[in-house]
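Structure at a glance
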Amino acid sequence: MILVVDFGAQYSRLIARRVRECKVYSEIIPFNAPIDEIVARAPKGLILSGGPASVYVDNAPACDPRIFELGIPILGICYGMQFMAHALGGEIAHTGLSEYGQTDVSLESASLLFKALPPEQTVWMSHRDSVVEVPVGFRKTASSACTKVAAMEDPDRGLFGIQFHPEVVHTPAGMDILKNFLYEGCGCLPTWTSVSMIEDAVAAIKVQAGDEPVICGLSGGVDSAVAALLVHKAIGDKLTCVFVDHGLLRKEEAGQVENTFRKHFRINLIHIKAVDRFLDKLKGVIDPEKKRKIIGHEFIRVFEEVASEMQDVKLLVQGTLYPDVIESGTRDAAKIKTHHNVGGIPLDMQFKLIEPLRLLFKDEVRAVGEELGLPEEIVWRQPFPGPGLAVRIIGEVTADRLELLREADDIVAEEIKRAGLYRAIWQSFAVLPAEIKSVGVMGDARTYGSTIAIRAVSSEDAMTADWVRLPYDVLARISNRIMNEVPGVNRVVYDISSKPPSTIEWE
Ligand code: XMP
């Protein structure tokens, strides 16, 4: 295992993902984690991430410098390298020569980190400060026109620093450099694969669940489906899946989920139809946070009822992913939204949680899903929020508005699929800003109708996102069809906001 020490970098997560892509398990810890915790986790190597600060400013993020005496190989990236140099007696300076973007560097191929790489490389730089004097015991192993020390190493102590970012795609040899550090520097083996993830998860579930019955909320998305299959692999028929139709699903979704699941798997499945119950609770509610809380609470109440009708089930499976875990664990993130599978859980909930995906990123969940034989329509389904269309109707949720949004959303999905874009896009959907009415003209008559907004975003893990530059002809087809086929709509707009400052869902 490799620990990525997070100094507040944009890229810490990406570093952890890249290490995992090298088939070595990695986790992120905050820079101020106590050294005892690092030692207790027994990592085979540490990677110090970049960060926005300069080592010389007051309160610059610093980890315990005794990490350099642990005998564990360490790779410092950007700020991480500067921190290493500073802590070990080297010199950092603000040379006035910033480097941003792709930069040519000369590497010393005799270095462990650059073993077997051509000496001239293009790398991605993003820094103002530079190491100008390496610490005693180190030697310089790369340089660029502006940066005298673009890389340094002390192989005897297993300490390496690079000023550039190997984790981004703009550093073509980045993965080779990481592999050299992991395999040659730390002695890791590339054994973290979908198969080993499944084995580890199944073993852990067996221990956690023992002989007890377990229920799992199934949403139709890849996360809950993979979580359910892992638990089923571990405890077989002791698992019952519960699919709650809260009436906030997309067109024909409830039937599709049930069919797919029954067709492909022999897992106990209960389908609860609770449409009226949720709509009643949502009557008159406009505030997004209230909607989310109501739906989250109601969900758990439904599960509790199912559980008590069974044989007093105490364990509930959830598809929480690693990004959710690090967000709550390492940062004082402001609460933006109450996610229904995280913050929307009532405090008096009766269940203990089993979260078999809490160490995985979305792409790893998909790989595990494929390994487990999940059909493509589930593995590659775009994410859909737990509170469903309720957070895509801006204003009160009513049966009529749901019907209208469902039809519009279905057209978006159909056209995106027809254009062959569905898999490449993180999410694409329709939003109904229900309080907006505007004037139009149809067949020589005035209309006063609803607006539909189209949202399509690209993203790696939903933390940041950009709006997709959909081809105009696709947008035109979506707009024409919605206006012709969905009664009551006389205007279609395209949402061109990225996250941040917007979020993906409108509520
Ligand atoms: P935002 O809107 O915060 O969404 O940019 C980020 C990602 O999370 C999804 N999302 C949710 N997923 N329960 C979920 O399971 C929720 O309450 C929830 N709210 C948002 C959203 O679709 C996007 O993929």
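Residues numbered from 1 in each chain as written. Predicted model: local features only at pLDDT ≥ 70, side-chain atom pairs only at ≥ 80, totals over all residues. Heavy atoms only, no water.

Details of the overall build of the protein chain
To keep things clear, this is the line we draw: Think of it this way: any DSSP run of H or I at least four residues long counts as a helix, any run of E at least two long counts as a strand, and we number them from the N terminus. The globule rule is 2.2 Å times the number of residues to the power 0.38, and the radius of gyration it is compared with is taken over C-alpha atoms. Here's how the labels work: a residue is buried when its accessible area is under 20% of the maximum for its type, exposed when over 50%, partly exposed in between, all with a 1.4 Å probe on protein chains only. In this analysis, two residues are considered to be in contact whenever any of their non-hydrogen atoms come within 4.5 Å of each other. Note that accessible areas follow from Shrake-Rupley with a 1.4 Å probe, and for residues the cover is restricted to the protein chains shown.
The helix and strand inventory of the protein chain stands at 14 helices and 22 strands. What you see for the protein chain is a C-alpha radius of gyration of 26 Å, in line with the 23 Å of a compact globule of 507 residues. In terms of principal-axis extent, the alpha carbons of the protein chain reach across some 75 × 65 × 40 Å. For the protein chain, the residues scored as buried account for 55% of the 507 residues in total. Taking the contacts inside the protein chain whose residues are at least 6 apart along the sequence as the reference set, 75% of them involve residues at least 24 apart. Split by element, the accessible area of the protein chain, about 22400 Å² in all, is 52% carbon and sulfur.

Some points on the domain arrangement of the protein chain
Our working rule: Note: domain ranges come from an automatic or database domain assignment.
Structurally, the protein chain comprises domain 1 (2–185), domain 2 (194–379) and domain 3 (392–494). One C-alpha centre belongs to domain 1, the other to domain 3; they are set 45 Å apart.

Points about the pattern of salt bridges
Our working rule: Any Lys or Arg side-chain nitrogen found within 4 Å of a carboxyl oxygen on Asp or Glu counts as a salt bridge.
What the rule picks out here adds up to 35 salt bridges. Note that Arg-381 and Glu-253 form a salt bridge whose closest N and O atoms lie 3.4 Å from each other. On the criterion of sequence distance, the pair formed by Arg-381 in the loop between helix 12 (376–379) and strand 17 (393–394) and Glu-253 in helix 7 (residues 253–264) is long-range, its members being 128 residues apart. Each of Glu-414, Glu-415, Arg-418, Arg-477, Arg-481 and Glu-485 takes part in one network of salt bridges that share partners.

Observations regarding the packing of aromatic side chains
Just so we agree on the cut-off: Only the six-membered ring of Trp is used, alongside the rings of Phe and Tyr, when aromatic pairs are assigned; centres must lie within 6.5 Å, and planes under 30 degrees apart are stacked while those over 60 apart are edge-to-face, with the rest tilted. We call a charge positioned above a ring when the Lys NZ or Arg CZ atom is no farther than 6 Å from the ring centre and deviates by at most 35 degrees from the ring normal.
Within this structure, the stated rule accounts for 12 aromatic pairs. Ring geometry for Tyr-322 against Phe-361: centres 5.5 Å apart, planes inclined by 85°, an arrangement best described as edge-to-face. With Tyr-322 in helix 10 (residues 322–330) and Phe-361 in the loop between strand 16 (352–354) and helix 11 (362–371), the pair connects residues that are 39 residues apart, well separated along the chain. Through a chain of ring-to-ring contacts, the aromatic side chains of Phe-7, Phe-31, Phe-68, Tyr-79 and Phe-83 assemble into a single cluster. Over the aromatic face of Trp-380 sits the side chain of Arg-423, whose NZ or CZ is 4.0 Å from the ring centroid. Lying across the ring of Trp-467, Arg-469 places its NZ or CZ 3.8 Å from the centre.

Overview of the pairing of strand 19 (residues 437–442)
We apply this condition: The pairing criterion is simple: DSSP has to find at least two bridges between the two strands.
In terms of strand pairing, strand 19 meets strand 20 (residues 445–458) through six bridges, oriented antiparallel. Counted as the bridge partner of Ser-438 is Gly-449 from strand 20. Here strand 19 folds back onto strand 20 in antiparallel fashion, the turn holding two residues, of which Gly-443 has a positive phi close to 55°.

A short note on the state of the cysteines
What counts here: Here, the term disulfide refers to a pair of cysteine sulfur atoms separated by no more than 2.5 Å.
Within this structure, the stated rule accounts for zero disulfides. For the unlinked cysteine Cys-22, the closest cysteine sulfur is that of Cys-188, found at 9.8 Å. Here Cys-146 stays unpaired: no disulfide links it, and the sulfur of Cys-78, its closest cysteine neighbor, is 14 Å away.

What about unusual backbone geometry?
Cis geometry marks the peptide bond from Lys-499 to Pro-500; its omega dihedral reads -15°. Residue position: Pro-500 is located in the segment after strand 22 (489–494). Cis geometry marks the peptide bond from Pro-500 to Pro-501; its omega dihedral reads 10°. Of note in the backbone geometry, Ala-42 takes a positive phi value of approximately 50° without being a glycine. Relative to the elements of secondary structure, Ala-42 occurs in the loop between helix 2 (35–41) and strand 3 (45–48). Positive phi values are uncommon outside glycine, yet Ala-116 reaches one of about 65°. With respect to the helices and strands, Ala-116 occurs in the loop between strand 6 (99–107) and strand 7 (120–127).

A closer look at the packing of helix 13 (residues 399–418) against helix 14 (residues 472–485)
Helix packing for two helices is described by the angle between their axes and how far apart those axes are. Spelled out, the test is: Orientation is described by axes fitted as lines to C-alpha atoms, over the contacting stretch for helices, and by angles from 0 to 180 degrees between their N-to-C directions. If an angle is under 35 degrees, it is roughly parallel; if it is over 145, roughly antiparallel; if it lies from 65 to 115, roughly perpendicular; otherwise it is oblique. Handedness of each helix crossing follows the sense of rotation of the near helix against the far helix: counterclockwise by less than a right angle gives left-handed, clockwise gives right-handed. Side-chain classes follow a simple rule in which Ala, Val, Leu, Ile, Met, Phe, Trp, Tyr, Cys and Pro form the nonpolar group, Asp, Glu, Lys and Arg form the charged group, and the remainder, Gly included, forms the polar group.
At a minimum axis distance of 10 Å, the contact between helix 13 and helix 14 shows a crossing angle of 150°. The angle between helix 13 and helix 14 places the two elements in the roughly antiparallel class. The interaxial crossing formed by helix 13 with helix 14 has right-handed handedness. Listed contacts from helix 14 to Ala-408, Ile-411, Val-412, Glu-414, Glu-415, Ile-416 and Arg-418 of helix 13 are Arg-477, Ile-478, Arg-481, Ile-482 and Glu-485. Of the residues contributing to the contact of helix 13 with helix 14, the split by class is six nonpolar, no polar and six charged.

Considering the sheet that holds strand 12 (residues 214–217)
Within the open sheet, the five strands sit side by side as 14-13-12-15-16. Their pairing is parallel. Each of the sheet's edge strands pairs with one partner strand only, and the pair in question is strand 14 (268–273) and strand 16. Averaged over all adjacent pairs, the angle separating strand axes in this sheet is 30°, with direction ignored. Set on the sheet, helix 9 (residues 288–309) makes contact with strand 12, strand 13 (239–245), strand 14 and strand 15 (315–317); between it and strand 13 the angle comes to about 140°.

Re the sheet that holds strand 6
Picture the strands of a sheet paired through backbone hydrogen bonds; they go either parallel or antiparallel. Sheet architecture is open: nine strands sit in the order 2-1-3-4-11-10-9-6-7, paired in mixed fashion. Where the open sheet ends on each side, the last strands, each with one partner, are strand 2 (26–30) and strand 7. Here the average twist between neighbouring strands, direction ignored, is 25°. In this structure, strand 6 lies alongside strand 9 (residues 139–144), joined through three bridges in antiparallel fashion. Within strand 9, the residue paired with Ser-106 across the bridge is Ser-143. Along the sheet face, helix 1 (residues 12–21) touches strand 1 (2–6), strand 2, strand 3 and strand 4 (74–77) and points at about 155° away from the line of strand 2. Docked against the sheet, helix 3 (residues 79–87) engages strand 3, strand 4, strand 7, strand 10 (151–154) and strand 11 (159–162), running at close to 115° with respect to strand 4.

Some points on the nonpolar core
Applicable threshold: Among buried residues, the Ala, Val, Leu, Ile, Met, Phe, Trp, Tyr and Cys ones that are joined through side-chain atoms within 4.5 Å form a nonpolar core.
Grouped together as the largest cluster of nonpolar side chains are 49 residues, with contacts concentrated most on Ile-215, Val-244, Phe-303, Ile-452, Leu-470 and Ile-482. Of all elements in the fold, only strand 13, helix 8 (275–282), helix 9, helix 13, strand 18 (427–433), strand 20, helix 14 and strand 22 reach the threshold of two or more residues within this core. Residue contributions to this core peak at eight residues, all from helix 9. Mapped onto the domain boundaries, this core takes at least three residues apiece from domain 2 (194–379) and domain 3 (392–494). Residues contacting Ile-482, with those up to four places away along its chain left out, are Ala-408, Ile-411, Val-412, Ile-452, Ile-454, Val-489 and Val-492.

What about helix 5 (residues 194–209)?
Applicable threshold: Each residue after the first adds 1.5 Å to the expected span of a helix.
Over its 16 residues, helix 5 extends 22 Å from the first C-alpha to the last, a length consistent with the 22 Å expected when each residue adds 1.5 Å. Contact partners of the buried residues in helix 5: strand 12, helix 6 (222–235), strand 15, strand 16 and helix 11. Residue Gly-210 follows helix 5 closely and has a positive phi angle near 55°.

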